[in-house]
Amino acid sequence: MHKKFKETPRVFTLLIVLIFLGVAGCSSNNDTTFIFYGGDILTMDEFAGESVEAVFVKNGRIISVGSKKDIFEQKESRTKLMDLKGKTLLPGFIAVHTHPDLSAYLHSFIDLSGFTNNTPQAVWEQLATAVKNTPKGEWIFCKGFDPMLVKGLEAPGIRELDAICPENPLVIIAQSLHSAWANSHAFKEMGITSKTPDPAPGSFYQKDTNGMLTGFISEVEAIKPFSKAAIKTYDIKQNVVKVYDDYMRSGFTSITSMGLVADDRKPFLLYEHLSTDHPRLIHRGLELIGMLPDKKPTVRHFVYIKSDTPFLLPETPDNGDDFFKVVGVKIWYDGSPYTGSMYLNEPYLDSELTQKGLNIPHNHYGKSVIKTDVFYETVKKYHEMGWQLSIHSQGDRATTEVLSVMETVLSASKDKDQRHRIEHGVLLPKELLGQMKRLNMTASFHINHIYYYGSALKNDILGDKRAEKMLPIKTAKEQGLHGTLHADAPMYPEDPFSLLQTAVTRKTKSGIIMGAAEKISVLEGLKALTINAAWQLHMEKKIGSIAPGKYADLIILDKNPLKVSPETLKDIKVVNTMINGVEIRNL
Ligand SMILES: [Zn+2]
């Protein structure tokens, strides 16, 4: 039996036509049908049973799944037989919280991060090579500077930077994106002197006791002129294409922008080359496809608009299509564990790292970044308009307060199955998960805090007791919350197998296990990256599992994640990706 699926809206049909007009260079077209067989098939579909041996794909959709014999009976003259040869077929991964615009902006920067450099020496050598290879006078932008991941790395002063890089303007951006360092040449290019006023509270160009620039730049508003210089220097449009390819190469067939960076009432990074006078995003999917070289198909793209850029929001949640759609509104309630802005019930630990490295004062609890009454009004407004809310909340105090507001709003105004989200949930208290379920809410976990910063969180920031309770994904699953995992790229690399391995092993980079009671199985981890993610986006009837009627968004892996040691999940490779029934090869 084939499930019936809904009529495709006209805009979507047009999109499909556009895609298939443009895929002359690809290995398939809309007439081709496919049968996948000859390897393990992990459907993520609770109704499929154990014995799926083959999958039939036609017109961009999964038509049927079943035994090899039954599926081969449906073979047509133009059916392409896809022998998996022992490899494993899975539904494509869904990135539920990522930032492709920021990744495109940072893509050409020199990488000084702790993901690729283990020692201070490696960082400075990387920079020296960049200086050597850049013609005199050209800008050098670096990203990822991070004394927490690279032990012993010290922030540079302006004199050191001038000595390393005397003939080029140089800017180094911190991994947090909240601070930067520049040399004299860069300040001169920007016309910034020791007399330049602070651009906003907390955003400033630091001066020493003699009133001279130290090279340190604090916060986003002060960094902005340099960001704009970077946008002029690099081909961001080309970078967008590369970033999309990176997602597909990693096995993502759908991604979710958690807020678009906007400036002057229009999105200023990813979409700056698109229509400028009409900021609404409906139909942008078509334009996006049109801009890609060879009009290759690309990932499905879902978008949350930040509550402070309401001019980007379409009039109703019913907008766009299954390739590009604005699905909700993003609101911040607190900040980051590493800047002192995570909002806690108990204060941050006093440690060398918190006090000297992160400048967090003694007996500091963090605080909310939005006033409670403003938060309440914002939640109420968008909830009543029918939008899904995605609320950034890291600390236990933050989530407690968020839920109390949600409780008030939802008791006064009916929930239209909006599935409001809590983002990150570092210290999401287990005791609140039942309340979240009752409010039809869900959580997306920033699981690689454990891998990259686990020892710092345990030893220096939160202490043993709280570190053990971090990121309670197993309890969330037991409470029926449809929990998901995200990397928040460019914060952490967008690698689904790294997220999976951390959720399954709960191991830090240094090998310590944190919160063993919250380990989940590999299958649960795969569901968090596929069908649960589809549910969070209200797309569970269309993507997220291999089931009749769903889009043929599929990936082939060299190994079956259920059959390898959990410690080697990260070594699994994606060997092919299919989106909407079109194979994407040789990315
Ligand atoms: Zn984010």
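Student: Help me understand unusual backbone geometry in this model?
Tutor: Leave glycine aside and you will find that most residues have negative phi; peptide bonds, for their part, are mostly trans. Omega for the bond connecting A489 with P490 falls within 30 degrees of zero, at 10°, which places this linkage in the cis form. If you trace the backbone, P490 turns up in the loop between β22 (484–485) and α17 (496–505). A positive phi is found at N363, a non-glycine position, where the angle reads about 55°. Summarising the element assignment, N363 is placed in the loop between α10 (352–357) and α11 (372–384). Of note, the phi angle at H538 is positive, near 60°, even though the residue is not glycine. Summarising the element assignment, H538 is placed in the loop between α19 (531–536) and β23 (554–557). Residue H538 is classed as partly exposed on the basis of its relative accessible area of 36%.

Student: Looking at this model, I keep getting lost on the sheet that holds strand β4 (residues 61–66). Mind explaining?
Tutor: As a general point, the strands of a sheet are linked pairwise by backbone hydrogen bonds and lie either parallel or antiparallel. The mixed open sheet is built from 4 strands, whose spatial order is β4-β3-β1-β5. Two strands close off the open sheet at either side, each with one partner strand: β4 and β5 (79–83). Ignoring which end each strand starts from, the neighbouring axes of this sheet average 20° apart. Relative to β5, strand β1 (residues 33–37) runs parallel, the two being bridged by 5 bridges. Directly across from I35, in β5, lies its bridge partner L81.

Student: Got a minute to help me understand the packing of aromatic side chains in this structure?
Tutor: The geometry of two aromatic rings is summed up by the distance between their centres and the angle between their planes. Using the criterion set out here, one finds 23 aromatic pairs in the structure. Taken together, a centroid distance of 6.5 Å and an interplanar angle of 65° make the contact between F204 and F216 edge-to-face. Of the two residues, F204 sits in strand β12 (residues 204–207) while F216 sits in strand β13 (residues 213–218), which places them 12 residues apart along the sequence. Given the relative accessible area of 27%, F204 is considered partly exposed. Relative accessible area serves as the criterion here: at 22%, F216 is assigned to the partly exposed category. Ring geometry for Y333 and F375: centres 4.7 Å apart, planes at 65°, overall edge-to-face. Taken together, the residues span a long stretch of sequence, with Y333 in the loop between β18 (324–332) and α10 and F375 in helix α11 at a distance of 42 residues. We note that Y333, like F375, is buried.

Basis of the calculations
Residues numbered from 1 in each chain as written. Predicted model: local features only at pLDDT ≥ 70, side-chain atom pairs only at ≥ 80, totals over all residues. Heavy atoms only, no water. Helix = DSSP H or I, 4+ residues; strand = E, 2+ residues; numbered from the N terminus. Buried < 20%, exposed > 50% of the residue type's maximum accessible area, 1.4 Å probe, protein only. Pairing = 2+ DSSP bridges. Axes fitted to C-alpha atoms, helices over the stretch in contact; angles between N-to-C directions. Phe/Tyr/Trp six-rings, centres within 6.5 Å; stacked < 30°, edge-to-face > 60°.

All quantities given are derived from atomic positions and should not be read as evidence of function.
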